[in-house]
Amino acid sequence: MVKTVVSVGLPVLETMHIKKNRLEPENKNGNERRICIVTGIHGDELEGQYICYQLIRRIQESKEFLTGIVDVYPCVNPLGMESITRRIPTFDLDMNRSFPGDMDGDMSEYVAAKLVEDFEGADFCVDLHASNIFLREIPQVRLDKQHEESLLEYAKLLNTDFIWVHSSPTVEPASLYHSLNQKKVPTLSIEMGVGMRITKEFGDQILEGIFCLMHKLGIWSGPVITPKTSVISSDQDKVTLIHAEASGVFLPCVEHLMDIKAGDVVGNIVDSLNGTIVQHIIAPCDGVVFTLREYPVVYDGSLIARILGGV
Ligand SMILES: [Zn+2]
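Residues numbered from 1 in each chain as written. Predicted model: local features only at pLDDT ≥ 70, side-chain atom pairs only at ≥ 80, totals over all residues. Heavy atoms only, no water.

## Comments concerning the overall build of the protein chain
Next up, step 1: Each helix and strand in the protein chain was counted, giving six helices and 17 strands.
Next up, step 2: Expected size for 311 residues packed as a compact globule is a radius of gyration near 19 Å; at 21 Å, the protein chain falls within 12% of this value.
Next up, step 3: Sequence-distant contacts in the protein chain: of pairs separated by 6 or more residues, those separated by 24 or more amount to 69%.
Next up, step 4: If you sum the accessible surface of the protein chain, you get close to 14100 Å²; carbon and sulfur atoms cover 50% of it.
Next up, step 5: Separation between the mean location of the 28 positive side-chain charges and that of the 43 negative ones in the protein chain comes to 5 Å. (Helix = DSSP H or I, 4+ residues; strand = E, 2+ residues; numbered from the N terminus. Rg over C-alpha atoms; globule rule 2.2 N^0.38 Å. Contact = heavy atoms within 4.5 Å. Areas by Shrake-Rupley, 256 points an atom, 1.4 Å probe, with all protein chains shown as cover. Lys, Arg positive; Asp, Glu negative; His and termini not counted. Charge placed at Lys NZ, Arg CZ, Asp CG, Glu CD.)

Below, the structure written as structure tokens:
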């Protein structure tokens, strides 16, 4: 059933609504567990759209296996999605810096507070993000050291290739991830693909993981896959960054997710005015290209790739 979580009046006779779809068993006993699937905090990250669509479709198709409550929030920053912007456009605010919000605050704080009110009491929350338009990312769960012990076992169910445990608190205190974990709603954040696009194979992969998680939580009794064995890594462990050392146009010689060896050519940065190569980028180690530059224009210092597996 589609429900409106929050409505906010816009300046000229329009209203912004944020909606969710609640899926629940036909016969409830009152003790059902509840999971929230959230996406669209960043309006230009669309990978989660496909997952929400497939999740709802598959649950509706096999409703007999649903033993708990699934709340799906496909678009929590509708103005951002409408205008293809990451932030909330009218305020130029990153919504993922607005939580837990404030019922008496401005529009963005009020919306965040109403969402948190709706999430509270849930047994789990999964927050789906995509990368930006610049970098293509392997599906990955990102968590901080503080929550490693409580959340890692759930992160492993999500069928990602990679679980990145940040040793430094890179996760902002005002993010949904941080706010909900503070409020005792275990929450995991997933990042995948590229901004403004949908990568169906990544979506299918995460979808299977969500079913595994729901199975574990007692929300889904249908058949599930055995999730992939994720590589678990911390900042200093097994992740090597390659940055541009010149400005120009990046032409990759490797593909995303490709295994490479130290000494392989990752790509070239070229000068399109003089027809020359300004940097020949060589892999410093063996590993898998788990992040790869998608947007060709680069400057000295731009991130070109992250390699998983070698240091
Ligand atoms: Zn995001």
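## A few points about helix α4 (residues 148-155)
Think of an α-helix as 3.6 residues a turn; residues three or four steps apart then line up on the same face.
Next up, step 1: Where α4 is concerned, the buried positions are Leu151, Leu152, Tyr154 and Ala155. Around the axis of α4, the buried residues are gathered within 165 degrees of arc, so they sit on the same side. (Buried < 20%, exposed > 50% of the residue type's maximum accessible area, 1.4 Å probe, protein only. Arc of directions from axis to C-beta.)

## A look at the domain arrangement of the protein chain
Next up, step 1: Each assigned domain of the protein chain is listed here: domain 1 (2-233) and domain 2 (239-309).
Next up, step 2: Listed by partner, the interface residues are 14 residues for domain 1 and twelve residues for domain 2.
Next up, step 3: Approximately 1200 Å² of surface area, both sides summed, lies buried where domain 1 meets domain 2, with 70% of it carried by carbon and sulfur atoms.
Next up, step 4: Three residues, Phe134, Leu135 and Arg136, lead the burial of domain 1 against domain 2; their summed loss comes to 44% of the area buried on that side.
Next up, step 5: Inspection of the domain 1/domain 2 interface yields two salt bridges.
Next up, step 6: The salt bridge partner of Arg306 is Glu137, with a shortest N-O separation of 2.8 Å.
Next up, step 7: Of all the secondary structure elements, the ones that give two or more residues to the side of domain 1 that touches domain 2 are β6 (135-144), β7 (162-166) and β9 (231-234).
Next up, step 8: Of the residues forming the side of domain 1 that touches domain 2, the biggest block, six residues, is contributed by β6.
Next up, step 9: Looking at the side of domain 1 that touches domain 2, its residues break down into nine nonpolar, two polar and three charged. (Domains from an automatic or database assignment. Buried area = accessible area lost by both parts, 1.4 Å probe. Salt bridge = Lys/Arg side-chain N within 4 Å of Asp/Glu carboxyl O. Nonpolar A, V, L, I, M, F, W, Y, C, P; charged D, E, K, R; others polar.)

## Observations regarding the nonpolar core
Next up, step 1: In this structure, Ile35, Leu55, Val70 and Met214 are the most contacted members of the largest nonpolar core, which totals 39 residues.
Next up, step 2: It is helix α6 (residues 200-217) that contributes the most residues to this core, nine residues altogether.
Next up, step 3: Here Met214 is in contact with Ile35, Leu55, Ile59, Val70, Ile219 and Trp220, once residues within four sequence places are set aside.
Next up, step 4: The next biggest cluster of nonpolar side chains, apart from the first, holds 25 residues, and it includes Cys36, Val111, Leu115 and Val185. (Core = buried A, V, L, I, M, F, W, Y, C linked by side-chain atoms within 4.5 Å.)

## Overview of the sheet that holds strand β11 (residues 248-252)
Next up, step 1: With respect to topology, four strands assemble into an open sheet ordered β14-β13-β11-β16, the strand pairing being antiparallel. Because the sheet does not close on itself, it has two edges, and the strands there are β14 (276-282) and β16 (297-298). (Pairing = 2+ DSSP bridges.)

## Here we look at the environment of Trp220
Next up, step 1: Mapping Trp220 onto the fold places it in the loop between α6 and β9.
Next up, step 2: Among the residues examined, Trp220 registers a relative accessible area of 6% and is labelled buried.
Next up, step 3: In sequence terms Trp220 and Gly68 are 152 residues apart; their C-alpha atoms lie 6.8 Å from each other.
Next up, step 4: With residues near it in sequence (within four places) discarded, Trp220 still touches Arg58, Ile59, Ser62, Phe65, Leu66, Thr67, Phe211, Met214 and His215.

## A closer look at the coordination of the zinc ion
Next up, step 1: Taken together, the protein donors to the zinc ion comprise His42 (ND1), Glu45 (OE), Glu45 (OE) and His129 (ND1), at separations of 2.0 to 2.4 Å.
Next up, step 2: Between the four donor atoms coordinating the zinc ion, the angles at the centre fall across 57 to 154 degrees, so the site counts as irregular.
Next up, step 3: Along the chain, the residues donating to the zinc ion fall in the pattern H-x2-E-x83-H. One end of the pair, His42, is in the loop between β3 (34-39) and α1 (47-61); the other, His129, is in strand β5 (residues 124-130), and 87 residues separate them in sequence. Here His42 and His129 have matching classes, each one buried. (Donors = N, O, S within 2.8 Å, 3.2 Å for Na, K, Ca; no water. Tetrahedral: all angles 85-135°; square planar, octahedral: opposite > 155°, others 65-115°.)

## As for empty space enclosed by the protein
Left-over empty space is what a probe sized like a water molecule reveals as it rolls over the atoms.
Next up, step 1: Here the structure, examined in full by the defined rule, presents one cavity of 30 Å³ or more.
Next up, step 2: Approximately 40 Å³ is the volume attributed to the largest cavity.
Next up, step 3: Along the walls of the largest cavity sit Met16, Ile18, Val76, Asn77, Pro78, Ile88, Met95, Met107, Ser108 and Val111, which together make up its complete lining.
Next up, step 4: Listing elements by their share of the lining of the largest cavity, those giving two or more residues are β2 (14-23) and α3 (107-119).
Next up, step 5: Each residue belonging to the lining of the largest cavity can be placed in one class, and the counts come to eight nonpolar, two polar and no charged. (1 Å grid on protein atoms, 1.4 Å probe; cavity = no way out; pocket = protein on both sides within 12 Å on 5 of 7 lines; lining within 4 Å. Points joined across faces, edges and corners; volume = space filled by probe spheres on them.)

## A short note on the packing of aromatic side chains
Next up, step 1: Per the stated rule, a full pass over the model turns up eight aromatic pairs.
Next up, step 2: A ring pair is formed by Phe124 and Tyr154, whose centres lie 5.1 Å apart and whose planes are at 55 degrees; its orientation type is tilted. Within this pair, whereas Phe124 is found in strand β5, its partner Tyr154 is found in helix α4, the two being separated by 30 residues in sequence. Take Phe124 and Tyr154: they sit in the same class, and that class is buried.
Next up, step 3: An aromatic cluster is present here, built from Phe65, Phe211 and Trp220 joined pairwise through their rings. (Phe/Tyr/Trp six-rings, centres within 6.5 Å; stacked < 30°, edge-to-face > 60°.)

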